[in-house]
Every structure is written in C-alpha cells, then in structure tokens.
Amino acid sequence: MPSYFGLDIGSTSIKLIQSDGARVKYVGIAQNPFGKSISAMTNAEKISLTDSLKLLLKEIGIREKKVVASIPESSVFSRVLKFPVMSSPELSTAIRWELDQSVPFPPSEVETSWAVLEKPEKFDGDEKISVYVVAVPSNISENYIQILELIGLEPVRLENEIPSLSRAFSSNLSDSSPSVLIDWGASGTNVVVAGKTKLYSNFYVPVGGSAMTKLIADTFGLPMDQAENYKRTYGFSKEQLDGKMVTVLKPIIDNVIGEVKKLIISYRDERGGNVVSKLVLTGGGSYLLGLVPYLSESLGLEVVIGDPFSGMAVDAKYKNLGPVFSVAVGLSM
Ligand SMILES: Nc1ncnc2c1ncn2[C@@H]1O[C@H](COP(=O)(O)OP(=O)(O)OP(=O)(O)O)[C@@H](O)[C@H]1O
Ligand SMILES: [Mg+2]
C-alpha cells in the first residue's frame with residue numbers, strides 16, 4: 001500500500017482516502033464549512049478549516065502523516081498546448097512565452113511543470129508537439145503546504161485535479177479511442193479528453209452544482225438548504241414541478257455541454273475524424289437525476305457514471321459515494 005493518503009479539499013466537501021487499489025483502508029468525508037476553495041478563504045477561515053481537517057483525521061483514526069493533496073483547477077493554469085516541432089530549449093522558451101501571456105503573475109511567483117504528451121516521429125511541416133503545462137502561483141501552493149503542516153501532516157506532493165482524475169479512471173479508458181471525463185463539482189466542472197495513458201485536452205468550466213442550487217433558490221424563493229433538497233429530490237426532470245426544474249437548470253447544463261462539444265470537435269478535427277468513444281461522468285453533480293440521459297442525448301455518446309470504488313472493497317457506508325471520491329482516489333494512487 002502506498003505510504004501516503006489522498007486528500008481532496010473540495011469547495012463543499014473534504015475527501016480523504018488511503019487504499020492499495022483493491023481495498024480501501026481509510027476513508028472519510030467532511031463538510032467544507034465555507035463552501036469555497038482555500039485560495040478564496042480569509043486567514044480566519046483557513047484556521048477554522050484546519051479544525052475540520054483535524055477532526056476528520058481523528059474520526060478516521062488514520063496514523064499516516066504523508067499526504068498527496070489536490071489544488072483545484074480554478075487556482076492553477078492547466079492546459080494541453082500545441083507547438084511546432086522544436087528543440088527542448090526552444091520549447092521551454094515557447095512555454096514561458098505562452099505563460100507570460102496567460103498567467104497574471106510574474107514568472108518568479110509561479111511554479112511551472114510540463115510534460116511532452118506527443119511528439120511527431122517524422123516532421124514534414126504541419127506536425128505539432130503536444131505538451132501538458134501546469135503553472136501554480138507559489139503563494140497558493142505555499143498556502144496549502146502551510147495548512148497541511150499546521151495539522152501535523154507531511155505533504156509529499158500537490159497535484160491539480162486533471163492528472164488525478166485521469167489516473168482514477170485510466171483502467172477504464174483506451175488510448176486508441178479516448179473518452180470524455182466530466183467531473184461535475186460544486187464550484188466548477190472539469191472536462192477532460194483522455195485515454196489510458198494519454199491526455200488530449202482539458203477545460204475548466206467555473207460553474208457547477210452550487211450555481212444550480214443558487215438558481216433554484218432564487219427562482220423558487222427558497223433558502224439554500226431547501227433549494228439543495230429540491231435539486232436532489234426533483235433533479236433535471238420534465239415530469240417534476242411542471243418542468244420548471246428543467247427550465248431553471250438547462251442554461252447551466254447546456255453551458256457545460258457547449259464546452260464538451262468544442263473539445264470533442266477539436267479532437268475529431270485534429271485526429272482526422274477519429275471520435276471519442278464514451279463519456280465518463282463523475283463528481284457529486286453526477287447524481288443529478290436526469291443528467292445522464294440528457295448528456296447522452298445532447299452529445300450522442302454513451303454516458304457511464306465514473307465510480308472509482310467499483311472493483312474496490314470499501315466500507316458499505318461509502319459504497320455509493322464513489323463519484324465524489326474520484327479526485328481523492330486518483331491522488332491516493
Ligand atoms: N443527489 C444529488 N443530486 C444533485 N446534485 C448533487 C447530489 N448529491 C450531491 N450533489 C452536488 O454535488 C456537488 C458536490 O460534489 P463534489 O463533492 O464533487 O464537489 P466538491 O469537490 O466539493 O466541489 P469542487 O470540486 O467544485 O470544489 C454539490 O453541488 C452537490 O449539490
Ligand atoms: Mg471536487
């Protein structure tokens with residue numbers, strides 16, 4: 001078993017897991033009391049969050065101190081970039097130039113890492129090198145490290161969500177016919193086109209389940225907790241409340257679908273007509289009733305729920321929570 005656990009501090013819930021891939025040894029979930037990511041919290045909120053984290057660790061009874069933790073996509077620059085074929089030093093300069101255009105921090109305040117995903121074997125003009133680039137503002141990663149150290153943990157790695165998600169589902173994916181992965185969270189939705197070992201493209205839509213709840217609250221004049229119950233009970237169904245839920249939620253869902261379509265089309269155009277094989281839907285938003293058939297119909301794709309606990313022995317209490325733990329499972333691997 002890896003000598004570390006995965007910790008995903010989501011904007012609504014904190015997920016922790018240690019597993020050997022076949023059996024979950026430690027698992028737990030706690031509410032994020034502030035409904036936002038660490039980088040949006042005040043200092044007082046961060047201190048209070050450490051109490052929630054300590055309580056969770058205590059409840060689970062985990063002794064392990066080494067942790068691999070996630071940084072949300074909303075706090076980082078994370079993109080598959082394409083460059084003309086060039087040498088490694090030239091590539092490094094081109095990436096730096098690209099980041100100067102896209103990241104609103106001076107290079108000295110950003111931690112950058114990149115990995116070449118695809119490099120053409122022969123070169124006759126048009127081929128591109130594809131590179132996955134991640135840039136994290138140093139003050140954000142330092143913040144995460146401080147919080148983890150404050151509760152006595154030893155951070156061995158911080159990772160943005162895209163690699164964790166791809167890893168969590170890689171055994172269900174194929175390089176020759178990639179899939180679209182959607183992690184429908186509370187603050188935002190990650191969309192990834194990935195194969196077993198390959199990453200083709202990714203996009204972060206800054207809209208998720210919380211925006212849905214807020215819209216329901218505004219439309220029906222309800223407090224947020226009741227709006228959350230409405231969402232979970234009635235879902236995205238024409239049959240409920242005279243179709244009002246569909247009217248309210250459709251613009252948000254269609255916004256995500258629009259972004260998914262763009263990624264699918266650009267994948268197809270780049271790959272000479274090769275198409276993605278299926279859609280794997282995960283994250284807490286995947287429980288929304290009616291979402292699977294709607295995505296399937298709108299995108300013309302088979303949609304399956306991404307459950308990282310399938311094929312793993314896990315406490316019955318957590319069996320149905322797999323989609324919520326996707327990022328945490330990827331981190332724990
Ligand atoms: N049965 C359900 N029906 C609809 N939505 C649900 C249901 N259960 C949970 N959700 C939604 O899932 C979201 C929480 O999912 P998740 O735990 O993946 O988010 P998070 O990791 O905290 O957020 P983020 O990744 O955006 O920071 C909430 O918006 C919640 O309302
Ligand atoms: Mg999340």
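Residues numbered from 1 in each chain as written. Chains lettered and ligands numbered in written order. Predicted model: local features only at pLDDT ≥ 70, side-chain atom pairs only at ≥ 80, totals over all residues.

Colleague: Would you mind going over the overall build of the chain in detail, with residue names and values included?
Modeller: Within the chain, the regular secondary structure consists of nine helices and 13 strands. Each of the three principal axes of the chain carries a C-alpha extent, and together these read 60 × 50 × 40 Å. Considering only contacts in the chain between residues 6 or more positions apart, those separated by 24 or more positions represent 65%. (Helix = DSSP H or I, 4+ residues; strand = E, 2+ residues; numbered from the N terminus. Contact = placed C-beta atoms within 7 Å.)

Colleague: I'd like to hear about the packing of helix 5 (residues 209–220) against helix 6 (residues 224–234), residue by residue, with values.
Modeller: Their axes nearest at 8 Å, the elements helix 5 and helix 6 cross at an angle of 110°. With respect to helix 6, the axis of helix 5 lies roughly perpendicular. Contacts from Met212, Thr213, Ile216, Ala217 and Phe220 of helix 5 reach helix 6 at Met224, Ala227, Glu228, Tyr230 and Lys231. In the contact of helix 5 with helix 6, the residues fall into seven nonpolar, one polar and two charged. (Axes fitted to C-alpha atoms, helices over the stretch in contact; angles between N-to-C directions. Parallel < 35°, antiparallel > 145°, perpendicular 65-115°, else oblique. Nonpolar A, V, L, I, M, F, W, Y, C, P; charged D, E, K, R; others polar.)

Colleague: An account of the environment of Ile29 is needed here, citing residue identities and associated values.
Modeller: Among the secondary structure elements, Ile29 is positioned in strand 3 (residues 24–31). Between the C-alpha atom of Ile29 and that of Ile9, which follows or precedes it by 20 residues, the distance is 9.7 Å. Once you skip the residues sitting within four places of it in the chain, Ile29 turns out to touch Ser13, Ile14, Lys15 and Leu321.

Colleague: Could you give me a rundown of the site of ligand 1, with the residues and numbers involved?
Modeller: Looking at ligand 1, there are 23 residues lining it, with Gly10, Ser11, Gly185, Gly209 and Gly284 nearest. Contributions of two or more residues to the shell around ligand 1 are made by helix 5 and helix 6. There are two domains that each give the shell around ligand 1 at least three residues, and those are domain 1 (5–72 + 139–168 + 325–332) and domain 3 (171–305). (Near = placed C-beta within 6 Å. Domains from an automatic or database assignment.)

Colleague: Describe the sheet that holds strand 1 (residues 5–9), and please don't skip the residues or the numbers.
Modeller: Sheets are built from strands paired through backbone hydrogen bonds, the pairs being either parallel or antiparallel. Strand order in the open sheet formed by five strands is 3-2-1-4-8, and the pairing between neighbours is mixed. The open sheet has two edge strands with one neighbour each: strand 3 and strand 8 (154–160). For this sheet the average axis-to-axis angle between neighbouring strands, irrespective of direction, equals 20°. The sheet contact formed by strand 4 (residues 66–71) and strand 8 spans six bridges and is parallel. By the bridge assignment, Val68 is partnered in strand 8 with Arg157. Sitting on the sheet, helix 3 (residues 138–150) is in contact with strand 4 and strand 8, with an inclination near 145° to strand 4. (Pairing = 2+ DSSP bridges.)

Colleague: Pulling in residues and values, what's your account of the domain arrangement of the chain?
Modeller: Domain annotation for the chain reports domain 1 (5–72 + 139–168 + 325–332), domain 2 (74–138) and domain 3 (171–305). Distance between the C-alpha centres of domain 1 and domain 3: 24 Å. Every contact between the two is made by eleven residues of domain 1 and, on the other side, 13 residues of domain 3. Listed by contribution, the elements that provide at least two residues to the side of domain 1 that touches domain 3 are helix 4 (161–169) and helix 9 (326–332). Per-element accounting of the side of domain 1 that touches domain 3 gives the leading share, four residues, to helix 4.

Colleague: I'd like to hear about the nonpolar core, residue by residue, with values.
Modeller: Membership of the largest hydrophobic core comes to 78 residues, with the highest contact counts inside it found for Ala69 and Val180. Per-element tally for this core: the top contributor is helix 7 (residues 244–270), with eight residues. When near neighbours in sequence (up to four residues on either side) are disregarded, Ala69 contacts Leu7, Ile9, Tyr144, Leu148, Pro155, Leu158 and Leu331. (Core = buried A, V, L, I, M, F, W, Y, C linked by C-beta atoms within 7 Å. Buried ≥ 20, exposed ≤ 12 C-beta atoms within 10 Å, placed from the backbone.)

Colleague: How would you summarise the packing of helix 7 against helix 8 (residues 291–299) if you had to cite specific residues and measurements?
Modeller: Two measures define how a pair of helices packs: the angle their axes make with one another and the distance between the axes. Where helix 7 contacts helix 8, the two axes come as close as 11 Å, and the packing angle between them is 45°. The angle between the axes of helix 7 and helix 8 places the two elements in the oblique class. For the pair helix 7 and helix 8, the crossing hand works out as right-handed. From helix 7, Ile253, Ile257, Val260 and Lys261 reach across to helix 8, where they touch Tyr294, Leu295, Ser298 and Leu299. Looking at the contact of helix 7 with helix 8, its residues break down into six nonpolar, one polar and one charged. (Left-handed = near helix turned anticlockwise from the far one by under 90°.)

Colleague: I'd like a rundown of helix 2 (residues 88–102), residues and numbers included.
Modeller: A rise of 1.5 Å per residue sets the reference length of helix 2, with its 15 residues, at 21 Å; its end C-alpha atoms lie 21 Å apart and thus fit the reference within 8%. With respect to burial, helix 2 is a largely exposed element, only zero of its 15 residues being buried. (Expected span 1.5 Å × (residues − 1).)

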